[in-house]
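# Residue-level structure breakdown
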Amino acid sequence: MDIVSTLGLTNFVMQFSRISMYPFFDMAHYTLSIMKLKEQPGAVDVAHRSPIACWFSGMLCCFGGAILASVLLGEPPIEPFTNNRNIILASVIWYLIFYCPYDKFYKCCNFLPSKLFIAGMKEVTRARKIVAGVMDAHSRYRNGWLAVIAVGWAKGAGSGLIANFEQLVRGVWIPERNELLRMSYGTKVTLIGAVLFTFQQMNYLPITRHNLIFLYTMFVVSTKVAMVLFNIHHSPFAPMEVALYHMAFSWQCTSTESHFQTEASNTGETLGTQCSAPLDASPEESESIKRRRAKKAE
Amino acid sequence: MDIVSTLGLTNFVMQFSRISMYPFFDMAHYTLSIMKLKEQPGAVDVAHRSPIACWFSGMLCCFGGAILASVLLGEPPIEPFTNNRNIILASVIWYLIFYCPYDKFYKCCNFLPSKLFIAGMKEVTRARKIVAGVMDAHSRYRNGWLAVIAVGWAKGAGSGLIANFEQLVRGVWIPERNELLRMSYGTKVTLIGAVLFTFQQMNYLPITRHNLIFLYTMFVVSTKVAMVLFNIHHSPFAPMEVALYHMAFSWQCTSTESHFQTEASNTGETLGTQCSAPLDASPEESESIKRRRAKKAE
Amino acid sequence: MDIVSTLGLTNFVMQFSRISMYPFFDMAHYTLSIMKLKEQPGAVDVAHRSPIACWFSGMLCCFGGAILASVLLGEPPIEPFTNNRNIILASVIWYLIFYCPYDKFYKCCNFLPSKLFIAGMKEVTRARKIVAGVMDAHSRYRNGWLAVIAVGWAKGAGSGLIANFEQLVRGVWIPERNELLRMSYGTKVTLIGAVLFTFQQMNYLPITRHNLIFLYTMFVVSTKVAMVLFNIHHSPFAPMEVALYHMAFSWQCTSTESHFQTEASNTGETLGTQCSAPLDASPEESESIKRRRAKKAE
């Protein structure tokens, strides 16, 4: 990559891609994952009714990616639990976040400057996990690029993808919501990363792995910090998504509409229904659309 | 098998059992699977809200059997996704069925003569899948005939058996309905096929594999075509099932009833309740029975 | 272990740890598991509507531990079904319990003296299963004691841990209840056993495996028999649990309360809420607490 070498960053980038994630970056990942768990409705109640269910739920949040990638590759899903060092670290953080007197630990971590710091560090682990997943899958399936992307994605964003089952451990079941139906920013950025690293691994991208890790990490860290700082909740990819969506899945509507206007045929209504509720509709809007439809159906 | 050789079909049967399923027969299977998906309530809405969830759901419909068989045999469930050729074919068909302008592709396929043709071709793939599953499982578990039947069944009718989880991807959850509680015709005929091919594989049936594939395929194709043509929805096995059910699971009732008539004992009611709602009751009937019971319970 | 050798029981204990579980002890396990299944609301109805779903559900109750342990270790979950001998035995018992005329078999087994006998025999299998799981996992993960405990626990109490999915087969879905949220006695005692056998396997306990199997089995058999005899439903570990719970997860409350009394600060209410509903609250109590909270929330 020219940018990196012209800036004289080659050495720095090499060293950056070799930093050990344990213990500090992993710690940030565990802290943020379990903080997010604590913010779920009912989680604190579960923590006091059944510490074991809460602990298992917390571990699924921390190691969900590794577990899901193991399942996809036909490896023992219990393997992440054989890494005592990381499990103990995650358990200590889980204990501090849920049971620390006066909720001190959670409040400290939730304080804006420290949250910014933790969120930034957590994002550093993302690229590493994706790369680990991509390399593992690529060593088995040389040409199965779809499987390689899937494993990279699962490793990087697994806790989101298995959220339904993590909730089930806590006695919560929300089938109408999952990460495929309404992707969060983290899941989206991990998918993009998985695609990039897979293409890099298959030599379709003119960039070394070290440089890609560095650039991708810079991008996700800065985006995440900006999102936490300015309290942004919508995805920064929204305009790109809308464009892509219209290009791939919605161009039929335009042709339909003109057809509809000229012919006013009977098929118009069916097609019109199919083209409503595009990807960029805000949740509230699409909810109200659904409610209206339900009323109609009655 | 005498019938085949006396009819001078030996050569034809050998060639028939070697026809490649790719691309035409596979195409028919993908088309029918995704058409069935599109007919599910809410599927078109999901296709427009989240193409990724819809695509994944479609792939589960197309490759559900291979995925379930992989899971049962402890192999990576991602393996079907390493077959780029088939995945791309299925994805193209998924795209055409869900997003083709004016719904042209779906309407063409749903036109009775083409639907008949597609349904017939799809059934040809069934025998092949069952045989593949049976042979794979038999090479590992020489004597575990139950496991061999299960893998053959899973490979042939997997998308039905995992329907609950396929629906979950689309945000739909209907726990009270599954293929084991109320089997569809496809699931039943696959189970019978899995039993037959397992017995053939274990040399309990005096017939060669080629002939069995041919005869089984003829049977399922003709039955399916007849069902589509005459719009039959009930299973052609119903009389056999009822007989089998009464022989195995309901003979107690007869003895109970005579007992009931002669003694009019207190145990009568309990036993009577157990013997009602036989397998051949229509869904509506058994629903009304349930409702009445629920009222009684109140 | 001194007790055993001083009592001159060494030989007896060695022989005891070598008794074959097949057929009598396994039979007791299958009988009790399927009797428990039959007592579930709706199970008898499913048995008459869909014998296949009922049979599969029964097999999940009998072999749930082996299946869950296989899944955790990345082995084929179908492996328990390759053991024809045990599957046929379990199927015969399933048939007798659900379809025996006049419900004779179930009534015989449910008669107090025979139930005592069966329950005692079933508990003998528990230790063996835990040991099998622990040894299998320990041979792969030398130092992963957490994974070893998990596999031992899964093997010994698997049917409880996968109960949600066993219910799904019967069309029942109760997400708010699972064995992690509210552990049954069997699950708890298996967890304790898994911890003990893991420590023994890792040479942290000054006792031979034979002796531990003997002592653990004596303990679980006598406790279970006492529970059946005197119709005890609460866990005999309750006092220990409460003490442990207060030591580990509730000491913050005490400090909070004193803090609350002296300062009457604003944070008091939040912390008070967190400390209510301790582990030893009876189900009814905690239900009423929940209901009251729900009302408040409205």
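Residues numbered from 1 in each chain as written. Chains lettered and ligands numbered in written order. Predicted model: local features only at pLDDT ≥ 70, side-chain atom pairs only at ≥ 80, totals over all residues. Heavy atoms only, no water.

An unreviewed UniProt entry annotates chain A as Trimeric intracellular cation channel type B of Chiloscyllium punctatum. Under the UniProt heading Function (unreviewed entry), the entry covering chain A gives this text: "Intracellular monovalent cation channel required for maintenance of rapid intracellular calcium release. Acts as a potassium counter-ion channel that functions in synchronization with calcium release from intracellular stores. Activated by increased cytosolic Ca(2+) levels." Recorded under Subunit (unreviewed entry), the UniProt text for chain A is reproduced unchanged: "Homotrimer; conformation seems to be controled by binding to diacylglycerol (DAG)." (UniProt positions renumbered as here; feature names shortened; annotations may be inferred.)

Turning our eyes to something else, we now look at the overall build of chain A. Secondary structure summary: chain A contains 16 helices and 0 strands in total. Classification of the 298 residues of chain A by burial places 52% in the buried group. Contacts spanning at least 24 positions in sequence make up 73% of the contacts within chain A whose residues lie at least 6 apart. On chain A, roughly 14400 Å² of surface is accessible, and the fraction owed to carbon and sulfur atoms is 64%. (Helix = DSSP H or I, 4+ residues; strand = E, 2+ residues; numbered from the N terminus. Buried < 20%, exposed > 50% of the residue type's maximum accessible area, 1.4 Å probe, protein only. Contact = heavy atoms within 4.5 Å. Areas by Shrake-Rupley, 256 points an atom, 1.4 Å probe, with all protein chains shown as cover.)

Scanning the model with the defined rule gives 21 salt bridges over all chains in all. As a salt-bridge pair, B:Arg49 and B:Asp45 come within 3.4 Å of each other at their nearest N and O atoms. Taken together, the residues B:Arg49 and B:Asp45, both in helix α4 (residues 43-49) and 4 residues apart, mark about one turn of the helix. For the salt bridge of C:Asp136 with C:Arg140, the shortest nitrogen-to-oxygen distance reads 3.9 Å. Of the two residues, C:Asp136 and C:Arg140 both sit in helix α8 (residues 112-140), 4 residues apart, roughly one turn of that helix. (Salt bridge = Lys/Arg side-chain N within 4 Å of Asp/Glu carboxyl O.)

One recurring pattern in soluble globular proteins: nonpolar side chains tend to sit buried together. Ranked by internal contacts, the top residues of the largest apolar core, which has 235 residues, are A:Trp94, A:Phe98, A:Phe197, B:Phe98, B:Phe197, C:Phe98 and C:Phe197. Broken down by element, this core gets its largest block of residues, 12 residues, from helix α5 (residues 51-72) of chain A. Contacts of B:Phe98, omitting those with residues within four sequence positions, involve B:Ile34, B:Leu37, B:Lys38, B:Ala43, B:Val44, B:Ala47, B:His48 and B:Cys54. Among the nonpolar cores identified, the runner-up in size contains 6 residues, and A:Trp173, B:Leu168, B:Trp173 and C:Leu168 belong to it. (Core = buried A, V, L, I, M, F, W, Y, C linked by side-chain atoms within 4.5 Å.)

Once that is clear, we can look at the UniProt feature "transmembrane region" (unreviewed entry) in chain A. All names here are of chain A. Annotation from UniProt places "transmembrane region" (unreviewed entry) at residues 52-73, 85-102, 145-165, 185-205 and 212-232. The straight-line gap between the two end C-alpha atoms of residues 85-102 is 28 Å; of that span, 83% is helix and 0% is strand. End C-alpha atoms of residues 145-165 are separated by 27 Å, and the span's content is 95% helix alongside 0% strand.

Each copy of the sequence occupies a distinct position, and chain C is placed on chain B by a rotation of 120 degrees and an axial shift of 0.0 Å, giving an RMSD of 0.0 Å. Each copy turns onto its partner about a three-fold axis. Considering only C-alpha atoms, the part of chain C nearest the rotation axis is C:Gly74, at 3.6 Å. An overlap of only 8% is found between the interface residues of chain C and their copies at the interface of chain B, pointing to separate contact surfaces. (Least-squares fit on C-alpha atoms with pLDDT ≥ 70 in both.)

Moving on, we come to the environment of C:Phe12. With respect to the helices and strands, the residue C:Phe12 is situated in helix α2 (residues 10-16). Separated by 202 residues in sequence, C:Phe12 and C:Phe214 place their C-alpha atoms 9.5 Å apart.

When chain C is fitted onto chain A, the two copies agree to an RMSD of 0.0 Å after a turn of 120 degrees and an axial shift of 0.0 Å. When the interface residues of chain C are mapped onto chain A, a mere 8% of them again fall at the interface, so the copies present different faces.

All names here are of chain B. Between its first and last C-alpha atoms helix α12 (residues 209-229) spans 30 Å; for 21 residues at 1.5 Å apiece the expected length is 30 Å, and the two agree. Buried residues of α12: Asn211, Leu212, Ile213, Phe214, Tyr216, Thr217, Val220, Val221, Thr223, Met227 and Val228, and no others. The positive-phi residue at the C-terminal boundary of α12 is Asn231, with phi of around 55 degrees. (Expected span 1.5 Å × (residues − 1).)

This next bit is on a nonpolar patch on the surface. Nonpolar side chains collect at one region of the surface, where A:Leu112, A:Leu229, A:Phe230 and A:Ile232 lie side by side and expose about 360 Å² of accessible area between them. Take A:Leu229: its relative accessible area is 40%, and that puts it in the partly exposed class. (Patch = residues over 30% accessible without salt bridge, like charges linked within 9 Å, V, L, I, M, F, W, Y side chains within 5 Å.)

Let us look at the interface of chain C and chain A. Contact residues are listed per partner, giving 40 residues for chain C and 36 residues for chain A. Summed over both partners, the interface of chain C with chain A comes to about 3100 Å²; 66% of that surface belongs to carbon and sulfur atoms. Connecting chain C to chain A are 0 salt bridges. Run the count over chain C and chain A and you get 7 residue pairs in polar contact (both at pLDDT 80 or more). For the side of chain C that touches chain A, the secondary-structure elements that each account for two or more residues are α5 (51-72), α9 (145-161), α10 (163-169), α13 (238-249), α14 (251-263), α15 (268-275) and α16 (283-297) of chain C. Looking at the side of chain C that touches chain A residue by residue, the classes come out as 24 nonpolar, 12 polar and 4 charged. (Buried area = accessible area lost by both parts, 1.4 Å probe. Polar contact = N/O pair within 3.5 Å; in protein donor to acceptor, adjacent residues only side chain to side chain. Nonpolar A, V, L, I, M, F, W, Y, C, P; charged D, E, K, R; others polar.)

Moving on: α5(A). Residue and element names in this part refer to chain A. Phe63 marks where α5 bends most, by close to 75 degrees. The buried fraction of α5 amounts to 18 of the 22 residues, a majority that puts the element mostly inside the structure. Downstream of α5 by a residue or two, Gly74 has a phi angle that is positive, lying close to 70 degrees. (Bend = angle between axes of the 7 residues up to and from the residue.)

Residue and element names in this part refer to chain B. Where helix α5 (residues 51-72) meets helix α6 (residues 84-99), the axes come as close as 10 Å, and the angle between the chain directions of the two elements is 120 degrees. The pairing of α5 with α6 is recorded here as oblique in orientation. Here the hand of the crossing between α5 and α6 comes out right-handed. Contact residues: α5 offers Pro51, Cys54, Trp55, Met59, Cys62 and Phe63, while α6 offers Asn86, Ile87, Ala90, Ser91, Trp94, Phe98 and Tyr99. (Axes fitted to C-alpha atoms, helices over the stretch in contact; angles between N-to-C directions. Parallel < 35°, antiparallel > 145°, perpendicular 65-115°, else oblique. Left-handed = near helix turned anticlockwise from the far one by under 90°.)

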